[in-house]
Amino acid sequence: MFLSSVGVAAFSDGRMMEGQELQSVSKLEEQLQQARQRSKELRQQLRLELEAASELEKRLEKVRADKAVTRQLIAQELQEVKVAHAKLQEVKGRDGTPTERARQALSSSVLASDTGALTVQRCDVLQQRARALLHGGADLEAAGGNSCLSEAREAAEIVEQLEDLGHGDDALYRALLQFSLRGLERHLEPDDPEVLARVHSLGVSLENLGEKTLALQFYQRAYESRSQRLGSEHRDTLDSGYNLATCYRNVGKLSEAEVLFENVLTCSQRVLGSQCPLTIDTAEQLADLLERKDLVAAWKLRRSLLEWSRSAYGEDDPAALLAMAKLAGVLKRAADAGVASRLAAAEALKASVARHQKVLGAESPEAIQAAAELAEFMASSGAKAPPRLKWFQANSDL
């Protein structure tokens, strides 16, 4: 059966229209998919903008709170000025002007009282804010929420400010740092430098509280992560390495402590120089460990320590004097053990006594102790101690 030309044309037109409709449907589906994607992006952008608005609102609240505190401190300062003025009126001379002595005494008194009062006031304000942060954070976490990034950072800032003011409360520091670390870990990568700084600080607080085993875990995380993220010779990495090695020593892991102290010392000396306090402190800790097993190695390191301390602080600085006394002490022990010359040990002890007497005075406790050690060493060697050294030996407990 054959279709007429009219039927064929109609059939062809129908197929064409069907194809056009399918293309239209396909375009509509594509447009719908694009609209859905755009809607998703807009919702995501709206969510981020709402979070940013919430963050800004919290910062604004903090600024308002700080402003109120500043006003309170200014009001207190004005009151202190009024009190100082009243005292000044009381100590005026007969001609109506204060004497110079009275002015100086009053100035010192007011300065001391103002500084102390403002410090106490500021500590109280910071502690109140800390308790509010911790209480609000606990309620938020109990409800299944998370603290914002600004609050996590503020908690750490409070710790730093309290430390600068000389307020030592490691229990409060630990709570604030734990709160800060939890908040930072929710918003930042685990190895972010800011996160690792909180980990390191939390280790310090835990160690100060006597929780050395737990502190060791935080020091290990800080040191290993900083080594990978910042490099083994970065200053933050070296600080964590020093604290970790010290904690190793405090928990009795002396071999681990020695290896890590050696590594930190090598890197610190190469990057920061031998006069850097970190280099000197690390060498001091390592020398203490070496004296337990290798007096010759300890003596060599203490000889370098004396040179570094003198270059960094000066020959008459207490740190340089202590380094000199410890060098003489380890040489004395080496001589007693038969691995060093007794004559060299005696000369080192004499030099230490002379230096301490010159810088601190013959009657200073450090000079008396140095002279007593020399007298003891000479007596053990069968040598006759000078009268002055005999007196020091007899009164070494003074």
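Residues numbered from 1 in each chain as written. Predicted model: local features only at pLDDT ≥ 70, side-chain atom pairs only at ≥ 80, totals over all residues. Heavy atoms only, no water.

Participant: So what's going on with the overall build of the protein? Which residues, and what values?
Facilitator: Counting its secondary structure elements, the protein contains 14 helices and zero strands. Secondary structure elements of the protein, listed N to C terminal, follow the sequence α-α-α-α-α-α-α-α-α-α-α-α-α-α. Put simply, the protein has 398 residues, and 33% of those count as buried. Here the protein displays about 23,600 Å² of accessible surface, and carbon together with sulfur accounts for 53% of that area. (Helix = DSSP H or I, 4+ residues; strand = E, 2+ residues; numbered from the N terminus. Buried < 20%, exposed > 50% of the residue type's maximum accessible area, 1.4 Å probe, protein only. Areas by Shrake-Rupley, 256 points an atom, 1.4 Å probe, with all protein chains shown as cover.)

Participant: Before we move on, could you go through the packing of helix α4 (residues 170-187) against helix α5 (residues 193-208) and cite the residues and values that matter?
Facilitator: Packing of α4 against α5 brings their axes to within 9 Å, and their N-to-C directions diverge by 155 degrees. Considering their axes alone, α4 and α5 lie roughly antiparallel with respect to each other. For the pair α4 and α5, the crossing hand works out as left-handed. Facing Asp170, Tyr173, Arg174, Leu177, Gln178, Ser180, Leu181, Leu184 and Glu185 of α4, the residues of α5 in contact are Glu194, Val195, Arg198, Val199, Ser201, Leu202, Ser205, Leu206 and Asn208. For the contact of α4 with α5, a count of residues per class yields eight nonpolar, five polar and five charged. (Axes fitted to C-alpha atoms, helices over the stretch in contact; angles between N-to-C directions. Parallel < 35°, antiparallel > 145°, perpendicular 65-115°, else oblique. Left-handed = near helix turned anticlockwise from the far one by under 90°. Contact = heavy atoms within 4.5 Å. Nonpolar A, V, L, I, M, F, W, Y, C, P; charged D, E, K, R; others polar.)

Participant: Before we move on, could you go through helix α8 (residues 254-271) and cite the residues and values that matter?
Facilitator: Taking 1.5 Å of rise per residue, 18 residues should cover 26 Å, and α8 covers 25 Å from first to last C-alpha, within 8% of that figure. All of the buried residues along α8 are Ala257, Glu258, Leu260, Phe261, Val264, Leu265, Cys267 and Ser268. Contact partners of the buried residues in α8: α6 (212-230), α7 (235-250), α9 (277-290) and α10 (295-313). Immediately downstream of α8, the backbone of glycine 273 shows phi near 95 degrees, a positive value. (Expected span 1.5 Å × (residues − 1).)

Participant: How would you explain the environment of leucine 290 if you had to name every residue and give the values?
Facilitator: Secondary-structure assignment places leucine 290 in helix α9. By relative accessible area, which is 9% here, leucine 290 ends up buried. Taking the C-alpha atoms as reference, leucine 290 lies 8.1 Å from glutamate 258; in sequence the two are 32 residues apart. Discounting residues that sit within four places of it in the chain, leucine 290 has contacts with Glu258, Leu295, Ala297, Ala298 and Leu301.

Participant: Outline the nonpolar core, supporting the account with residue identities and numerical values.
Facilitator: With 58 residues, the main nonpolar core has Ile158, Leu162, Leu176, Leu244, Leu260, Phe261 and Leu301 as its most contacted residues. Not counting residues up to four positions away in its chain, the partners in contact with leucine 260 are Tyr223, Gly241, Leu244, Ala245 and Tyr248. (Core = buried A, V, L, I, M, F, W, Y, C linked by side-chain atoms within 4.5 Å.)

Participant: How would you sum up the packing of aromatic side chains? Please name residues and give values.
Facilitator: Overall, the coordinates contain one aromatic pair when judged by the stated rule. Between tyrosine 242 and phenylalanine 261 the ring centres are 5.9 Å apart and the planes differ by 65 degrees, which places this aromatic pair in the edge-to-face class. Of the two residues, tyrosine 242 sits in helix α7 while phenylalanine 261 sits in helix α8, which places them 19 residues apart along the sequence. The residues tyrosine 242 and phenylalanine 261 share a single accessibility class, namely buried. Against the face of tryptophan 299 rests arginine 303, its NZ or CZ located 4.4 Å from the ring centre. (Phe/Tyr/Trp six-rings, centres within 6.5 Å; stacked < 30°, edge-to-face > 60°. Lys NZ or Arg CZ within 6 Å of the ring centre and 35° of its normal.)

Participant: Which residues make up the pattern of salt bridges, and what values do they have?
Facilitator: Overall, the coordinates contain 19 salt bridges when judged by the stated rule. For the salt bridge of glutamate 41 with arginine 38, the shortest nitrogen-to-oxygen distance reads 3.7 Å. Placement of both glutamate 41 and arginine 38 in helix α1 (residues 5-90) is noted, with a separation of three residues, approximately one turn of the helix. Judged by its relative accessible area of 40%, glutamate 41 falls in the partly exposed class. As a salt-bridge pair, arginine 198 and glutamate 160 come within 4.0 Å of each other at their nearest N and O atoms. Remark: glutamate 160 occurs in helix α3 (residues 149-164) and arginine 198 occurs in helix α5; sequence separation between them is 38 residues. Taking the relative accessible area as the measure of exposure, glutamate 160 reaches 42% and is therefore partly exposed. Taken together, the salt bridges that share partners define one network made up of Glu284, Asp288, Glu291, Arg302, Lys326 and Arg333. (Salt bridge = Lys/Arg side-chain N within 4 Å of Asp/Glu carboxyl O.)

Participant: Which residues make up α6, and what are the values?
Facilitator: Relative to the 27 Å expected for 19 residues at 1.5 Å per residue, α6 spans 25 Å between its end C-alpha atoms, a close match to the ideal helical length. Buried within α6 we find Ala215, Leu216, Phe218, Tyr219, Ala222, Tyr223, Ser225 and Arg226. Buried positions along α6 lie against α4, α5, α7 and α8. Backbone geometry just downstream of α6 places glycine 231 in the positive-phi region, at approximately 105 degrees.

Participant: Provide a residue-level description of the packing of helix α12 (residues 342-360) against helix α13 (residues 365-380), including the pertinent values.
Facilitator: Axis separation between α12 and α13 bottoms out at 8 Å; the angle between their running directions is 160 degrees. Comparing the axis directions of α12 and α13 gives the class roughly antiparallel. Crossing handedness for the pair α12 and α13: left-handed. Taken together, the residues of α13 that come into contact with α12 (itself represented by Arg342, Ala345, Ala346, Leu349, Lys350, Ser352, Val353, His356, Gln357 and Leu360) are Glu366, Ala367, Ala370, Ala371, Glu373, Leu374, Phe377 and Ser380. Grouping the constituent residues of the contact of α12 with α13 by class yields ten nonpolar, four polar and four charged.

Participant: Now, about the confidence of the model for the protein: what can you tell me, with residues and values included?
Facilitator: Across the protein, the average pLDDT comes to 81, with 72% of residues at 70 or higher. With pLDDT under 50 throughout, residues 109-114 is counted as low confidence; its partners more than four residues away or in other chains account for two contacts. Every residue in residues 384-398 is under pLDDT 50, and counting partners more than four places away or in other chains gives 25 contacts. (pLDDT = per-residue confidence, 0-100.)

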